[in-house]
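Fold and geometry: a report
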Amino acid sequence: MAQDKVRLNLQVSSELNQMLETIADDTGTQRSDVIRQALALMKVAHDAKRRGKHIGLVSDPEKLETEIVGLL
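Residues numbered from 1 in each chain as written. Predicted model: local features only at pLDDT ≥ 70, side-chain atom pairs only at ≥ 80, totals over all residues. Heavy atoms only, no water.

The name that an unreviewed UniProt entry assigns to the chain is Ribbon-helix-helix protein CopG domain-containing protein, with the source organism given as Rhodoplanes tepidamans.

Some points on the overall build of the chain
From N to C terminus, the chain includes 2 helices and 2 strands. Moving toward the C terminus, one meets the helices and strands of the chain in the order α-α-β-β. Taking 72 residues into account, the globule formula puts the C-alpha radius of gyration at 11 Å, and the chain, at 15 Å, lies well above it. Seen through its C-alpha atoms, the chain measures out along the principal axes to roughly 40 × 30 × 25 Å. Counting over 72 residues, the chain shows a buried share of 8%. (Helix = DSSP H or I, 4+ residues; strand = E, 2+ residues; numbered from the N terminus. Rg over C-alpha atoms; globule rule 2.2 N^0.38 Å. Buried < 20%, exposed > 50% of the residue type's maximum accessible area, 1.4 Å probe, protein only.)

Overview of the packing of helix α1 (residues 14-27) against helix α2 (residues 31-50)
Their axes nearest at 8 Å, the elements α1 and α2 cross at an angle of 95°. Classified by the angle between their axes, α1 and α2 sit roughly perpendicular to one another. Mapping the contact onto sequence places N17, L20, E21, I23 and A24 in α1 and R31, V34 and I35 in α2. (Axes fitted to C-alpha atoms, helices over the stretch in contact; angles between N-to-C directions. Parallel < 35°, antiparallel > 145°, perpendicular 65-115°, else oblique. Contact = heavy atoms within 4.5 Å.)

Structure below.
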C-alpha cells in the first residue's frame, strides 16, 4: 500500500545545512533521509517521555552516562 506524500519546504541556517550535508555524506544518504530519520528518532523520544522514560547515551547498558535533556 503506497503512502500519500506531502512535500515540505524548509529553510535552515547554513550551519544546519552543513550539518545535514556532513551526516548525509557520512551515512551515504540524502539530506531528506537524514531529516526523516531525525523525525523518527524525535518520535521515539517523544513517546518515551510521555511514558515517563529518560533519553540518554550509554556504552554500558547498565548505566546511563549522558542524559539528553531539553529535547522535548
